[in-house]
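Here is what each chain is made of, one letter per residue.
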Amino acid sequence: MNTAKELVEVERVQTGLRMEKRLLKVLKALAELKDQDRIVFRYSTPAGEITREANPNGSLENIAGICSPGGNVVGMMPHPERSAELELGCIDGLKVFQSLVGAMATR
């Protein structure tokens, strides 16, 4: 019969293995995003530097937005729509939408 101490050690090892497996999945997904050039936004300083201080949520490699494999869907953590109208107190997010419209107009 296993002692409580042995059972705790088994659980600790199993938990560690599960965490390692999850980490490997995350690293594989990150490598795929980079290999497929699907990272479309990164947190940066106003000067465009990718720094730890510019990253408000600790995302890996300062990733703020990614796109689908086909490039037709973008998901992003910052919400530019929340700062795209003067009534909301800021129009900084409007630049994202204007840039998208400009890019689509050249296609």
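Residues numbered from 1 in each chain as written. Predicted model: local features only at pLDDT ≥ 70, side-chain atom pairs only at ≥ 80, totals over all residues. Heavy atoms only, no water.

**With respect to the environment of Thr45**
Looking at the element boundaries, Thr45 is found in the loop between β1 (39-42) and β2 (63-67). Thr45 sits 58 residues away from Ala103 along the chain, and the two C-alpha atoms are 23 Å apart. Discounting chain neighbours no more than four positions away, the residues touching Thr45 are Thr51 and Ala54. (Helix = DSSP H or I, 4+ residues; strand = E, 2+ residues; numbered from the N terminus. Contact = heavy atoms within 4.5 Å.)

**Looking at the environment of Phe41**
With respect to the helices and strands, the residue Phe41 is situated in strand β1. Sequence spacing of Phe41 and Glu20 is 21 residues, and the spatial spacing of their C-alpha atoms is 27 Å. With residues up to four places along the chain from it excluded, the contact list for Phe41 reads Asn62, Ile63, Ala64, Gly65, Val74, Met76 and Val96.

**Comments concerning a nonpolar patch on the surface**
Where nonpolar side chains cluster on the molecular surface, the patch consists of Leu23, Leu24, Val26, Leu27 and Leu60 and spans about 440 Å² of accessible area. As for its placement among the helices and strands, Leu23 is situated in helix α1 (residues 4-35). (Patch = residues over 30% accessible without salt bridge, like charges linked within 9 Å, V, L, I, M, F, W, Y side chains within 5 Å. Areas by Shrake-Rupley, 256 points an atom, 1.4 Å probe, with all protein chains shown as cover. Salt bridge = Lys/Arg side-chain N within 4 Å of Asp/Glu carboxyl O.)

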